[in-house]
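# Chain and residue survey
Residue-level listing of the chains:
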Amino acid sequence: MKEKRSSASPRVRGWCPGAWRPMATGDGLLVRVRPPLGRLTRARMLSLCEAAETWGSGLIELTRRANLQLRGVSEAGWPELMAFLVEHGLAAQDAAAERRPALLLAPEWREGDATHEAARLLERRLADWPALPDKWGLALDAGPASVLGDVPADLRLERSVEGGLMVRADGLELVTPVADVEAAVALMTRLAHWFVDAGGLAAGRMSRLTAPLPGWAAATAARAESSDDTPILPPGTHPHGRVVGLPFGRAPASALRAVLHDDITGVRVTPWRRLLLEGEHASTRDAAPDDGLIHDACDPRLAMDACPGAPFCAQASVATQGLAQALAERRSEGPGESAAGRLHISGCAKGCARSGPAEVCLTGRDGRYDLILGGRADDTPVATGLGESDAIEYLETRDALRL
C-alpha cells in the first residue's frame, strides 16, 4: 500500500449535505436532493432546474452517490428553496425522513423486478430502522451482474453465481443467501440493528466494523461478477431511451432543460455522472447536439474525474475545472473510457470526485499540484509544486495523457 503524504489534511466533516441539512462551502450553501428510487419525473426535473436558477448558481451536479445537488444557495434564500422543493416532491416533508439510509438502485431496474421491489419495501420500513451514521447507505443491485460494486454502500442486495438473491455486508466478498426480496429486506433490517449493537456507530461504516457477522447472517456464497468489460451505460441510445453525460458531473440547468423534450417520461440518476432519459426517441434527435452535455461514448471526459475545485469548494486551493477541460482537449484523440486510463484532478487530498486509485492523479495543495501515479488523491506524489502549465507539460512529455 502506498504511504500517505504528510502534508496538512483537509477538513473531513463526516457527514453529507442534504436538503434539510445544507453544507456551507466556497460558493454558498450546497443543497442535495435524493431522487426517490433514483428517478425524477420530467416535471420534477424541470422544477429542479427552476430551483437551481432561482435560488442557486444555476448549476446542477450529479454526485458519486447518484444524488443531485444545487450550488450557490444563500442562507436567506434557503427557506424559500426548501418550501419549493417540498411542494414539488424533491425533498422529504421533514428532516427525520432525510436522515434515513440512502437507497442507491442499479439504474436499469424495471418495475416489479427484485431491485425495484426491494426499494419499495425499504421505503416503507426504514422509518423503523435504528439511527445510523450519516453516510450509511444501501445498494440495490439485483440484476444479472453487479454494477454498483465500486459505489460506497454498507449493505448490498446482489445475486449469487447461481442467480439467487444475496445480501452482502460491505467489505466482504462472500454473501448471505436469502429466499426472496421479503427475506432480503428482513435480513438487512436485522443487520442494521446488529451493526448498532456491535459498536458500528463508533466505526461509522460497515466496512470498518471489525466484529464478525452473527451466525444467523453467515456469508457462505460467492456473488456474481460481471465478465463484460463494456463501460456501464455509455452515452447514446439505450433500451429505456437515451444516456447523456454531465461533464465532470455538472451542467447548467439550462443545458439539462434543453434535453428534457416532451417525449421524455422521466430521468434516472446514476453514480457515473450520467443521466438516463426515459422514453426519448433517439432517432429523432440531433446526433451531436451543441448543448454542452456528453453524447459521445468516446468523449475523453468520461475517463476523467474532477471535483468542483476553487472557488466553489472552500477546501480546494486550486481551480480544477479549467485544468480538467484543458487536459480533456489534449486527450481528444483518445478512445474514451473503455480503454483510457483514469485521470483524476482533485482540489485537495480528500479526493471527493474519486475515492479509488487512478492511473494519474493531480491533487491541489497550497495553490499548486502534486502528481500521483497509480494512486489516490492522498497518496505520496512523484512530483510536487506543479502549476497548471507544468502539470500539462509533465504529462505530455511522458505521454501520460494517452493512457
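In short, a report on the structure. (Residues numbered from 1 in each chain as written. Predicted model: local features only at pLDDT ≥ 70, side-chain atom pairs only at ≥ 80, totals over all residues. Heavy atoms only, no water.)

### Some details on helix α1 (residues 42-55)
How we decide: Helix and strand assignments come from DSSP, with helices taken as H or I runs of at least 4 residues and strands as E runs of at least 2, each series counted from the N terminus. Take the residue count of a helix, subtract one, and multiply by 1.5 Å to get its expected span. Exposed residues in this analysis have more than 50% of their type's maximum accessible area, buried residues have under 20%, and partly exposed residues fall in between, with area computed by a 1.4 Å probe over protein chains only.
Relative to the 20 Å expected for 14 residues at 1.5 Å per residue, α1 spans 20 Å between its end C-alpha atoms, a close match to the ideal helical length. Every buried residue belonging to α1 is among Met45, Ser47, Leu48, Cys49, Ala51, Ala52 and Trp55, and all of these are buried.

### Let's talk about the side chain of threonine 270
The condition that has to hold: Pairing of N or O atoms within 3.5 Å defines a polar contact, subject to two protein rules: one partner must be a possible hydrogen donor and the other a possible acceptor, and residues neighboring in sequence count only if both atoms are side-chain atoms. Residue contacts are defined here by distance: any two heavy atoms, one from each residue, within 4.5 Å place the two residues in contact.
Among the structural elements, threonine 270 can be located in the loop between β15 (266-269) and β16 (274-278). Here threonine 270 falls in the buried class, since its relative accessible area comes to 0%. There is a polar contact of 3.1 Å between the side chain of threonine 270 and the backbone nitrogen of tryptophan 272. In this structure the side chain of threonine 270 is engaged in a polar contact, spanning 2.7 Å, whose partner is the backbone oxygen of arginine 274. Leave out the neighbours within four places in its chain, and threonine 270 touches Leu62, Thr63, Ala66, Pro107 and Leu233.

### Re the packing of aromatic side chains
Where we set the bar: Within 6.5 Å between ring centres, the rings of Phe, Tyr and Trp (the latter by its six-membered ring) count as paired, and their orientation is classed by plane angle as stacked under 30 degrees, edge-to-face over 60, tilted in between. Counting as a charge over the ring demands two things of the Lys NZ or Arg CZ atom: a distance within 6 Å of the ring centre and an angle within 35 degrees of the ring normal.
A complete count under the given rule lists two aromatic pairs for this structure. Taking the centre distance of 5.1 Å and the plane angle of 50° together, the rings of tryptophan 55 and phenylalanine 84 count as tilted. Of this pair, tryptophan 55 sits in helix α1 while phenylalanine 84 sits in helix α2 (residues 78-87), placing them 29 residues apart in sequence. Comparing tryptophan 55 with phenylalanine 84 shows no difference in burial state: the two are buried. When the centroid spacing of 4.9 Å and the interplanar angle of 55° are considered together, the rings of tryptophan 136 and phenylalanine 195 count as tilted. Of the two residues, tryptophan 136 sits in the loop between α4 (114-125) and β7 (137-140) while phenylalanine 195 sits in helix α5 (residues 181-197), which places them 59 residues apart along the sequence. You'll find tryptophan 136 and phenylalanine 195 in the same group, each marked buried. Above the ring of phenylalanine 312, the side-chain terminus of arginine 250 is found at 4.4 Å from the ring centroid. A cation over an aromatic ring shows up here: arginine 268 above the ring of tryptophan 109, its NZ or CZ 3.9 Å from the ring centre.

### A closer look at the sheet that holds strand β6 (residues 102-105)
Under the convention used in this document: One requirement defines pairing of two strands: DSSP has to find at least two bridges between them.
Here six strands make up an open sheet; going across it, the order is β6-β7-β8-β9-β10-β11 and the pairing mixed. Because the sheet does not close on itself, it has two edges, and the strands there are β6 and β11 (221-222). Pairing of strand β9 (residues 165-169) with strand β10 (residues 174-177) involves two bridges; the strand directions are antiparallel. When the bridges of β10 are listed, methionine 166 appears paired with proline 177.

### What about unusual backbone geometry?
Following alanine 310, the chain continues to proline 311 via a peptide bond in cis, the omega torsion being 0°. Along the polypeptide, proline 311 turns up in the loop between β17 (304-306) and α8 (320-330). Its identity is not glycine, yet leucine 37 carries a phi of approximately 55°, on the positive side. One can find leucine 37 in the loop between β2 (28-33) and β3 (39-41). A positive phi is found at aspartate 366, a non-glycine position, where the angle reads about 55°. Its place among the elements puts aspartate 366 in the loop between β19 (358-365) and β20 (368-375). The class of aspartate 366 is exposed, set by a relative accessible area of 70%.

### Some remarks on the pairing of strand β13 (residues 241-245)
Among the five residues that make up β13, five are buried, leaving the element largely enclosed by the rest of the structure. Bridge count between strand β12 (residues 236-238) and β13: three bridges; the pairing is antiparallel. Across the sheet, glycine 236 pairs through a bridge with valine 243, a residue of β13. Two successive antiparallel strands, β12 and β13, enclose a turn made up of two residues. Strand direction decides the pairing type here: β13 and β16, joined by five bridges, are antiparallel. When the bridges of β16 are listed, valine 243 appears paired with leucine 276.

### Quick notes on the packing of α8 against helix α9 (residues 388-397)
Just so we agree on the cut-off: Where helices are involved, their axes are fitted lines through C-alpha atoms of the stretch in contact, as for all axes, and angles between N-to-C directions lie from 0 to 180°. Angular relationships are summarised with four words: roughly parallel below 35 degrees, roughly antiparallel beyond 145, roughly perpendicular across 65 to 115, and oblique for the angles in between. By convention, the crossing between two helices is left-handed when the near helix turns anticlockwise from the far helix through less than a right angle, and right-handed when the turn is clockwise. By the convention adopted, Pro, Cys, Tyr, Trp, Phe, Met, Ile, Leu, Val and Ala count as nonpolar, Lys, Arg, Asp and Glu as charged, and the other residues, Gly among them, as polar.
Close contact between α8 and α9 brings their axes to 11 Å; oriented N to C, the two are set at 25°. Compared by their axis directions, α8 and α9 come out roughly parallel. Every pair of crossing elements has a handedness; the one defined by α8 and α9 is right-handed. Residues Leu323, Ala326, Leu327 and Arg330 of α8 lie in contact with α9, whose contacting residues are Glu388, Ile392, Leu395 and Glu396. Partitioning the contact of α8 with α9 into residue classes produces five nonpolar, no polar and three charged.

### Here's the deal with the nonpolar core
A general trend in soluble globular proteins is that nonpolar side chains are found buried together. Rules: Nonpolar cores were defined as sets of buried Ala, Val, Leu, Ile, Met, Phe, Trp, Tyr and Cys residues, with membership established by side-chain atoms within 4.5 Å.
Ranked by size, the top nonpolar core spans 48 residues in total, and within it Met45, Leu48, Ile60, Leu85, Leu256 and Leu275 carry the most contacts. Among the elements that line this core, the one with the most residues is α1, at six residues. Beyond its immediate sequence surroundings of up to four residues, leucine 275 is in contact with Met45, Leu62, Arg242, Val243, Val244, Leu246, Leu256, Val267, Arg268 and Val269.

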